[in-house]
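Per-entry structural report
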Amino acid sequence: MKYRGYTARIDYDSTENLFAGEIVGLSEKLTFHGAGVDELRADFEFAVDHYLASCAAMGVVPEKQASGKLLIRIPPEIHAAATIAAAAQGQSLNQWIMDALASATQRQ
């Protein structure tokens, strides 16, 4: 579910018999819920709007800040294959991975 550029992860809580969501990428944990899709969407939109208004009033950046550094652990054979693929395209491994991540996140 998306609203105003924010993305939510939705799960079904069978003990409460409702959908529960969490808005990802924020500096604070923000959750919402609803018994059906319409109620869930309305609570999601309310949560985003209320959070953004609170952040603006307090002068706080709503999104979790990232450093720009990423350490990943992958199998050596994938590392080797990525290095070869990057070299074949005339790119550094860093640039090749950055392009792959940018492409993957733009598809959402």
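Before reading on, note that the structure itself is shown above.
Below, the structure is looked at part by part. Since this is a predicted model, take the numbers as computed values, not measurements.

Turning our eyes to something else, we now look at the overall build of the chain. Within the chain, the regular secondary structure consists of 3 helices and 4 strands. The principal-axis extent of the C-alpha atoms belonging to the chain is close to 50 × 35 × 20 Å. A burial count over the chain gives 18% of its 108 residues as buried. A separation of at least 24 residues holds for 34% of the contacts in the chain among residues at least 6 apart in sequence. Of the roughly 8000 Å² of accessible surface on the chain, a fraction of 56% belongs to carbon and sulfur atoms. Positive and negative side-chain charges of the chain, numbering 9 and 13 respectively, have mean locations separated by a distance of 10 Å.

Spatial strand order, E1-E2-E3-E4: 4 strands in an open sheet with antiparallel pairing. Single-partner strands in this sheet number two, and they are strand E1 (2-3) and strand E4 (30-34). Contacting E1, strand E2 (6-13), strand E3 (18-24) and E4, helix H1 (residues 37-58) crosses the sheet at an angle of about 155° to E4.

An α-helix turns once per 3.6 residues; consequently, residues spaced three or four apart project the same way. The first and last C-alpha atoms of helix H2 (residues 76-88) sit 18 Å apart over 13 residues, in line with the 18 Å expected at 1.5 Å per residue. Positive backbone phi, at 70°, marks Gly90, one or two positions downstream of H2.

What follows deals with the packing of aromatic side chains. In the structure shown here, the tally under the stated rule is 3 aromatic pairs. Measuring from ring centre to ring centre gives 5.2 Å for Tyr12 and Phe19, while their planes differ by 65°; the resulting arrangement is edge-to-face. The class for Tyr12 is partly exposed, based on a relative accessible area of 46%. The class of Phe19 is partly exposed, set by a relative accessible area of 28%.

In this section: the nonpolar core. By size, the foremost hydrophobic cluster in this structure holds 13 residues, and its most contacted members are Tyr6, Ile23, Leu26, Leu30, Phe32, Phe44 and Val48. Those elements that place two or more of their residues in this core are E2, E4 and H1. Ignoring any residue separated from it by four or fewer positions in sequence, one finds Tyr6 in contact with Met1, Ile23, Leu26, Phe44, Val48, Leu52, Pro62 and Glu63.

About the criteria used
Residues numbered from 1 in each chain as written. Predicted model: local features only at pLDDT ≥ 70, side-chain atom pairs only at ≥ 80, totals over all residues. Heavy atoms only, no water. Helix = DSSP H or I, 4+ residues; strand = E, 2+ residues; numbered from the N terminus. Buried < 20%, exposed > 50% of the residue type's maximum accessible area, 1.4 Å probe, protein only. Contact = heavy atoms within 4.5 Å. Areas by Shrake-Rupley, 256 points an atom, 1.4 Å probe, with all protein chains shown as cover. Lys, Arg positive; Asp, Glu negative; His and termini not counted. Charge placed at Lys NZ, Arg CZ, Asp CG, Glu CD. Pairing = 2+ DSSP bridges. Axes fitted to C-alpha atoms, helices over the stretch in contact; angles between N-to-C directions. Expected span 1.5 Å × (residues − 1). Phe/Tyr/Trp six-rings, centres within 6.5 Å; stacked < 30°, edge-to-face > 60°. Core = buried A, V, L, I, M, F, W, Y, C linked by side-chain atoms within 4.5 Å.

Taken by themselves, the reported measurements are silent on function.
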